[in-house]
Amino acid sequence: MLSFSSRVMEQWRADIPAAGFMLGCHAFALEELGFYDCAEEVGRQAVGLEPDDAWGRHAVSHVYEMRGEAAKGINWLEHGRASWTRCNNFSFHMAWHLALLHLEQGDREQVLRIYDDEVRPRQTDDFRDMANAVSLLWRLGQTGVDVGLRWSDLAETALTRRRDTTLVFAALHTLAALVALGETESVHELVEEIAVKARGTGEQARVAADVGLPLARIIAGLSTAGDRRSLDAILTDLPKIGGSNAQRDFFVLALAKAAGANGDRAAFSRICNVRRHLKVEDRLLGSIESHASL
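(A) Focus on the nonpolar core. Ranked by internal contacts, the top residues of the largest apolar core, which has 96 residues, are Leu 136, Leu 140, Leu 172, Leu 175, Leu 215, Ile 241 and Phe 251. With 10 residues, the single largest contributor to this core is helix α15 (residues 245-261). Not counting residues up to four positions away in its chain, the partners in contact with Phe 251 are Phe 169, Leu 172, His 173, Leu 215, Ile 219, Leu 238 and Ile 241.

(B) A look at the packing of aromatic side chains. In total, this model carries five aromatic pairs according to the counting rule given. Between Phe 28 and Trp 55, the ring centres sit 5.0 Å apart and the planes meet at 55°, which makes this aromatic pair tilted. Remark: Trp 55 occurs in helix α4 (residues 54-67) and Phe 28 occurs in helix α2 (residues 19-32); sequence separation between them is 27 residues. Since its relative accessible area comes to 10%, Phe 28 is described here as buried. Members of the aromatic cluster, each reached through a chain of ring pairs, are Trp 138, Phe 169, Phe 250 and Phe 251. Directly above the aromatic system of Trp 76 lies the positively charged group of Arg 57, at a separation of 4.2 Å from the ring centroid.

(C) Quick look at helix α9 (residues 127-142). Here α9 is 16 residues long and its end C-alpha atoms lie 22 Å apart, about the 22 Å a rise of 1.5 Å per residue gives. Within α9, 13 of the 16 residues are buried, which leaves the element mostly enclosed by the surrounding structure.

(D) Structural view of the packing of α15 against helix α16 (residues 265-276). One can describe the packing of α15 onto α16 by two numbers: an axis separation of 8 Å at closest approach and a directional angle of 160°. Comparing the axis directions of α15 and α16 gives the class roughly antiparallel. Between α15 and α16 lies a crossing whose hand is left-handed. On α16, the residues touching Asp 249, Val 252, Leu 253, Leu 255, Ala 256, Ala 259 and Gly 260 of α15 are Ala 267, Phe 268, Ile 271 and Arg 275.

So, how was this worked out
Residues numbered from 1 in each chain as written. Predicted model: local features only at pLDDT ≥ 70, side-chain atom pairs only at ≥ 80, totals over all residues. Heavy atoms only, no water. Core = buried A, V, L, I, M, F, W, Y, C linked by side-chain atoms within 4.5 Å. Buried < 20%, exposed > 50% of the residue type's maximum accessible area, 1.4 Å probe, protein only. Helix = DSSP H or I, 4+ residues; strand = E, 2+ residues; numbered from the N terminus. Contact = heavy atoms within 4.5 Å. Phe/Tyr/Trp six-rings, centres within 6.5 Å; stacked < 30°, edge-to-face > 60°. Lys NZ or Arg CZ within 6 Å of the ring centre and 35° of its normal. Expected span 1.5 Å × (residues − 1). Axes fitted to C-alpha atoms, helices over the stretch in contact; angles between N-to-C directions. Parallel < 35°, antiparallel > 145°, perpendicular 65-115°, else oblique. Left-handed = near helix turned anticlockwise from the far one by under 90°.

No statement about biological role is implied by the geometric values presented.
If you want it as structure tokens, here you go:
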């Protein structure tokens, strides 16, 4: 994405009708590669040119999250609320970012309110909306928050998709929901479907083989010491699964939790070190470490 957007930027001018939209895409690509200062500058310029396009604002919110600047991120998103709340289901994702920032500040009640009113205001089976909901509820659970019956709202979609491995990224979020719901039979069924996928051909089959299946076994609590892939190897291949760094952080945290649960201090430390290259230390990682068997 950065390669493409950089080539476009060679021809970029502020008077081009789509100038703001192009800057928004470029800003996000810069952020994902860790060029946070430049991403913030370009993203702010994008918003200045196209204030109703959420993509530039989204890119800058990523920057604040990765830097651990929760208060700045909250102010930035709230300032643009009139624009991003009108952006179809992308508004749910923007609200997800807002909730993560409040979670870092320890404002759990506010996170639950945002979840109910803005992340999951209605039932939807769009896999992106499910990813928002699953990863946020999982994070809340790791910090000891009782989410009540909110997992139950995801049950119908998760059970319906217990054999769906079209996109490994989506399947792993479905799996996490099934684990949280205590649907043991369906958990095993989906893990087996991912195993079947891994033996197939095509891009998603390779993703399933390289990272999807070993990660699925960890999420499902089925991983054993004899499993072929180490936590380090899964972490290395994690970008293959797709999504943003912020979205994949859910899986990084799951790997850290697995290492902690196994008492593997060395693996836990390596995972944390890799994570620090993308994101500063945060409250959530500290919570996982405090419950680890290290």
